[in-house]
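Commentary on secondary and tertiary structure
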Amino acid sequence: MSQFADGGIVASKPYISSANYIHRMSDYCKTCYYDHKKRIGERACPFNVLYWNFLAKHRKMLGNQERMRIMYSMLDKMSDREREAIGSQAAQYLQELSSL
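Residues numbered from 1 in each chain as written. Predicted model: local features only at pLDDT ≥ 70, side-chain atom pairs only at ≥ 80, totals over all residues. Heavy atoms only, no water.

Inspection of the secondary structure puts Asp35 in the loop between helix H1 (19-25) and helix H2 (46-57). Residue classification places Asp35 among the partly exposed residues on the basis of a relative accessible area of 27%. Apart from residues no more than four positions distant in its own chain, Asp35 is found in contact with Arg43, Ala44, Cys45 and Asn48. Separated by 2.9 Å, the side chain of Asp35 and the backbone nitrogen of Lys37 make a polar contact. (Helix = DSSP H or I, 4+ residues; strand = E, 2+ residues; numbered from the N terminus. Buried < 20%, exposed > 50% of the residue type's maximum accessible area, 1.4 Å probe, protein only. Contact = heavy atoms within 4.5 Å. Polar contact = N/O pair within 3.5 Å; in protein donor to acceptor, adjacent residues only side chain to side chain.)

The biggest cluster of nonpolar side chains holds 14 residues, and the ones touching the most others in it are Trp52, Leu55 and Tyr72. At the level of elements, H2, helix H4 (69-77) and helix H5 (80-98) are the ones that each hand at least two residues to this core. Among the elements that make up this core, the one with the highest residue count is H2 (five residues). For Leu55, the contacting residues outside a window of four places in its chain are Ile16, Leu62, Met68, Met71, Tyr72 and Leu75. (Core = buried A, V, L, I, M, F, W, Y, C linked by side-chain atoms within 4.5 Å.)

As structure tokens, then:
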């Protein structure tokens with residue numbers, strides 16, 4: 001997300017990733033408490049919640065990017081309930097971070 005801090009001037013696509021990417025590209029998930037396959041709920045990886053929340057939050061800016069089309073189609077296929085749960089859980093994680 002830091003590579004997109006300039007609002008897309010330099011990079012057309014933010015360098016963000018869900019837990020699935022982290023799992024495929026590293027061994028960090030091997031001993032992790034969180035489940036890299038879960039988006040929401042108990043033991044869902046925070047990277048997933050924050051990833052989908054970031055996409056939802058920045059849809060106006062990123063939604064027309066060709067390279068983001070697949071991810072936004074996946075977001076659109078989620079139920080309203082799941083998208084609301086993602087937003088709620090992300091807000092909780094972000095609040096906890098700000099209190100550290």
